[in-house]
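Report on the structure
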Amino acid sequence: MNAIGGCDLHELAARFGTPLYLYDAVRIEENCHILRHAFNAHYPATDIFYAVKANGNPHLLRLIAACGLGADCASPLEVTIAERTGIPREKLMYTGNYESRDDLIAAARCGAVNLDDITALEKLPGDFDGILSFRVNPGEGSGSHPGIVTGGPDAKFGISLESAPAAYRLAAERGFTRFGIHLMAGSNNRDPLFFARMTAILCHIAADIFRPLGRHPEYLDIGGGFGIPYADGEAPLDLDALARAVAGVLTGCCAEHGLTPPPLRIEPGRFIVGDAGYLLTRVTAVKKGPRRFVGLDAGMNTLIRPALYGARHRAILVGMESTAGTATLCGRICENTDIFAADIPFPDAVEGDLVLFRDAGAYCAAMAMSYNGRLRPAEVLCQDGSARLIARAESAEEFLGRYSV
Ligand code: LLP
């Protein structure tokens, strides 16, 4: 792989420096359309809200909004980012957790708010006129790493299924009249049946909640979690099977309970941007010994997923197809967890070579930090051979400016 969006990797490195996040604009648009198409085919009343947390670069958000997606925000600043992008209120949703009063004042600017707990209800501004929903914990969850399972007994999110009817009763007593219901049980799942199971749990609890209330939910939101392959040989998520299974469960369950099938909401993050992003980095030093360490100018500060979850991102030595030899790829951070991949097949690399990490569009730039005084990198959007800087590299002056020194 020598180019992204028609832009040559060596030229990009020379022009913008490394480390550098790169995004393929066409890929992002395709991902939006693939998802839309799959649900249109089986459950057209589906609204897609991009999970801003996956990558909150406003330029990417603008691209995604232009494809018709709304935004799911997790903090007041994410709401502001989405508003500045021009996304209208009805396409803004807020899903936080352990929300403060200030969080919920910002959340109320969105057309829908998914509350994490019953205690959040009295903190939500009383004049909120959007759709109110609770996030339920379905009692189980699934994710590609234990750290990204967000449902089940060990998850800090949502209210139990048992306490959900009382939460909605209280909301109705407080005068709220527009309701949705939400869950998000884990990230990076590639099994369509998991999503079908979650839909069934949500639909049954929705019937238990809304029938006695005499109301219809304005949406059932099954969250994000749509996975992508990170390794060769991993099968992609079968979106058609997923949408078909979810639609089948939803119509079946609604018929069983005499409910009108409600609009469905989904909140994909990773699926939209994950495989459209890359991290381009340069070899700074090679240490030979019992193990061959290839040191890079990116580290766990730039891309933390390997250190945090044991995640793996495929790495390519730019311009070199063969994979003879092995290497352990690491950064320059003073932590022994600053390892991208240990003892992987990798060609002989020398100082100055470029290494490209794949699938770095989601939760990579978004989770970057300036540990060890290694600052956050620039981000560039590539399309049809032209490259646009969409985030400057953090500068030392910007960094020091916070401390007024
Ligand atoms: N909705 C809610 C309420 C969420 O909490 C999340 C992600 C999403 C949607 C989007 O999920 P996605 O479609 O991207 O799976 N940092 C981890 C992922 C954490 C996911 C947190 N919540 C990683 O690097 O894998």
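The structure presented is a predicted model; accordingly, all values stated were derived computationally and were not measured.

1. Things to note about the overall build of the protein chain
- In terms of helices and strands, the protein chain carries 11 helices and 20 strands.
- Taken over the C-alpha trace, the protein chain has a radius of gyration of 22 Å; the compact-globule value for 405 residues is 22 Å, and the two agree within 12%.
- Once the C-alpha set of the protein chain is aligned to its principal axes, its extents read approximately 70 × 50 × 40 Å.
- Long-range contacts, defined here as pairs at least 24 residues apart, represent 69% of the contacts in the protein chain between residues at least 6 apart.
- Surface accessibility of the protein chain: about 16,800 Å² in total, with carbon and sulfur atoms responsible for 52%.
- Across the protein chain, the centroid of the 38 positively charged side chains sits 2 Å from that of the 47 negatively charged ones.

2. Notes on the site of the ligand
- In the neighbourhood of the ligand, 20 residues make up the surrounding shell, with Ser187, Gly225, Glu267, Arg305 and Tyr363 lying closest.
- The side chain of Arg270 places a nitrogen or oxygen atom 2.8 Å from an oxygen atom of the ligand.
- Between the ligand and Arg305, the relevant distance is 2.6 Å, taken from an oxygen atom to a side-chain nitrogen or oxygen of the residue.
- For the shell around the ligand, the per-class residue count stands at eight nonpolar, six polar and six charged.

3. Brief notes about helix 7 (residues 192-213)
- Between the first and last C-alpha of helix 7 there are 32 Å, a value that for 22 residues agrees with the 32 Å anticipated at 1.5 Å per step.
- N-capping of helix 7 is provided by Asp191, with a side-chain oxygen placed 2.9 Å from the backbone N of Leu193.
- Trailing helix 7 by a residue or two, Gly214 shows a phi angle of about 70°, which is positive.

4. Some remarks on helix 8 (residues 239-257)
- Helix length check: helix 8 (19 residues) gives 27 Å between terminal C-alpha atoms against 27 Å at 1.5 Å per residue, within 8%.
- Among all positions in helix 8, only Leu239, Ala241, Leu242, Ala243, Val246, Ala247, Leu250, Cys253, Cys254 and His257 are buried.
- Where the residues of helix 8 are buried, they touch helix 2 (25-42), helix 7, strand 11 (219-221), strand 12 (264-266) and helix 9 (270-273).
- At the N-terminal boundary of helix 8, the capping side chain belongs to Asp238, with an oxygen 3.3 Å from the backbone nitrogen of Asp240.

5. Regarding the pairing of strand 10 (residues 179-182)
- Alternating positions in strand 10 separate into two faces, Phe179 and Ile181 on one and Gly180 and His182 on the other, with burial throughout.
- Sheet topology note: the strand 8 (residues 131-137)/strand 10 ladder contains four bridges and is parallel. By the bridge assignment for strand 10, Arg135 is matched with His182.
- In this fold, the crossover linking strand 10 to strand 11 by way of helix 7 has right-handed handedness.

6. A look at the pairing of strand 19 (residues 378-383)
- For strand 19, the buried fraction is high: five of the six residues fall into the buried class.
- Bridge count for strand 3 (residues 20-24) against strand 19 is five bridges, and the pairing is parallel. Paired with Leu20 across the two strands is Ala378, which belongs to strand 19.
- In this structure, strand 19 lies alongside strand 20 (residues 386-391), joined through five bridges in antiparallel fashion. Bridged to Cys382 within strand 20 is Ala387.
- Between strand 19 and strand 20, which pair antiparallel one after the other, the connecting turn spans two residues, and Asp384 there sits at a positive phi close to 50°.

The rules we used
Residues numbered from 1 in each chain as written. Predicted model: local features only at pLDDT ≥ 70, side-chain atom pairs only at ≥ 80, totals over all residues. Heavy atoms only, no water. Helix = DSSP H or I, 4+ residues; strand = E, 2+ residues; numbered from the N terminus. Rg over C-alpha atoms; globule rule 2.2 N^0.38 Å. Contact = heavy atoms within 4.5 Å. Areas by Shrake-Rupley, 256 points an atom, 1.4 Å probe, with all protein chains shown as cover. Lys, Arg positive; Asp, Glu negative; His and termini not counted. Charge placed at Lys NZ, Arg CZ, Asp CG, Glu CD. Near = heavy atom within 4 Å. Polar contact = N/O pair within 3.5 Å; in protein donor to acceptor, adjacent residues only side chain to side chain. Nonpolar A, V, L, I, M, F, W, Y, C, P; charged D, E, K, R; others polar. Expected span 1.5 Å × (residues − 1). Buried < 20%, exposed > 50% of the residue type's maximum accessible area, 1.4 Å probe, protein only. Pairing = 2+ DSSP bridges. Right-handed = clockwise from strand over helix to strand, strands pointing away.

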